[in-house]
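Residue-level structure breakdown
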Amino acid sequence: MTDASAGSGNPWLIALDVDGTILLQDETMSPGVPEAVARLRDGGHQVTIATGRSWMATQRWVEELGLAPEFVVCSNGAVIMRLVQGEWVRWNVETFDPSPVLELLRERLPDARYMVELGSGQRLYTQQLDDWTLDGGRQVSFDELADEPVSRIVVVSPGHDEEDFHRLVADAGLNEVSYAIGWTAWLDIAPNGVDKGTALERVRTELDVDGERVLVAGDGRNDIGMFGWSRSLGGRAVAMGQAPAEVKDAAGEVTDDVLDGGLARALNTLPAPAQVSAGE
């Protein structure tokens, strides 16, 4: 890990994955995370979240961590929320026509459960699933999922694991969209060329943060894009200790397992508040 004295000066942009990074599987926080985040936040760093979750399932953690970022990245980069005069607005939303993808998936996974997120944030789903945040959502027929452009498609197929999803993606030729496979083995499909890294570049540009003052942390295949983005700018990319090998290979650093407080360990290598001078 990088020495704690490195990089003192102007504030950093710090973007954190949620599941498997901030949170354990039971949705309690990884050891030391609240304290490490508070130290950096209070020191003037821009600490935010970059997650595959929808905004509906993300806002709680922004609030519980006491974060006050100007931007939050959701839905694997398809949605960027912005805080404007105390209200969160959907500042940038990427959408695509879901019809071709849904038809391919229906042929191969006819018994799967499907959900789409519209540009407005509303969720349409074919069947209830406990892991989904569906407040305000609407149950529809499969055909209705494709009635308008969406920012993401989520597929859960009980009995299929990550390797099955990898084979499915290859067999179906899903190369016109971006996809990620979550730690609970679901397939998350986003607009082509969109990931957490593309969204964070919009945020970084808007905030005018130097690329060398970026740190991102995550544990999943949907974090590989933001790892590559951060490293290409000279920033830091930290993989959690329990991450798959390909995720660790994409990162510049590997920390401890989420159960052992790996995120806090990584965050505590950044400069202490007294070292940060907004005027430099």
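See the structure printed just above.
Overview of the structure.

**Concerning the sheet that holds strand E9 (residues 150–156)**
In spatial order, the strands read E8-E7-E6-E9-E11-E10; together these 6 strands make up an open sheet with mixed pairing. Where the open sheet ends on each side, the last strands, each with one partner, are strand E8 (138–139) and strand E10 (178–181). Sheet topology note: the E9/strand E11 (residues 187–190) ladder contains 3 bridges and is antiparallel. Looking at the pairing, Ile 153 lines up with Ile 189 of E11. Against the sheet, helix H4 (residues 162–172) contacts E9, E10 and E11, and its axis sits at roughly 165° relative to E10.

**Quick notes on the packing of helix H3 (residues 99–108) against H4**
Closest axis-to-axis distance for the H3/H4 pair is 11 Å, and the angle between their directions is 120°. Taken as axis vectors, H3 and H4 run oblique relative to one another. Remark: the crossing between H3 and H4 carries right-handed chirality. Of the residues in H4, those touching H3 at Leu 104, Leu 105 and Arg 108 are Leu 168, Asp 171 and Ala 172. Across the contact of H3 with H4, the residue classes tally to 4 nonpolar, no polar and 2 charged.

**Some thoughts on the sheet that holds strand E3 (residues 71–74)**
The 3 strands lie next to each other as E3-E4-E5, forming an open sheet whose pairing is antiparallel. Since the sheet does not close on itself, it has two edges, and those belong to E3 and strand E5 (87–93), each with one partner. The sheet shows a mean angle of 30° between the axes of neighbouring strands, taken without regard to direction. Against the sheet, helix H5 (residues 196–207) contacts E3, strand E4 (79–84) and E5, and its axis sits at roughly 170° relative to E3.

**Quick look at the packing of H5 against helix H6 (residues 224–232)**
Between H5 and H6, whose axes approach to 7 Å, the crossing angle comes to 45°. If you check the angle between H5 and H6, you find them oblique. On the side of H5, the interface is formed by Lys 196, Gly 197, Leu 200, Glu 201 and Arg 204, while H6 contributes Gly 225, Met 226 and Trp 229. Looking at the contact of H5 with H6 residue by residue, the classes come out as 3 nonpolar, 2 polar and 3 charged.

**Here's the deal with unusual backbone geometry**
With a phi close to 50°, Ser 75 is a non-glycine residue in the positive phi region. By secondary structure assignment, the location of Ser 75 is in the loop between E3 and E4. Judged by its relative accessible area of 0%, Ser 75 is buried. With a phi close to 50°, Gln 85 is a non-glycine residue in the positive phi region. By relative accessible area, Gln 85 is classed as exposed at 82%.

Conventions we followed
Residues numbered from 1 in each chain as written. Predicted model: local features only at pLDDT ≥ 70, side-chain atom pairs only at ≥ 80, totals over all residues. Heavy atoms only, no water. Pairing = 2+ DSSP bridges. Helix = DSSP H or I, 4+ residues; strand = E, 2+ residues; numbered from the N terminus. Contact = heavy atoms within 4.5 Å. Axes fitted to C-alpha atoms, helices over the stretch in contact; angles between N-to-C directions. Parallel < 35°, antiparallel > 145°, perpendicular 65-115°, else oblique. Left-handed = near helix turned anticlockwise from the far one by under 90°. Nonpolar A, V, L, I, M, F, W, Y, C, P; charged D, E, K, R; others polar. Buried < 20%, exposed > 50% of the residue type's maximum accessible area, 1.4 Å probe, protein only.

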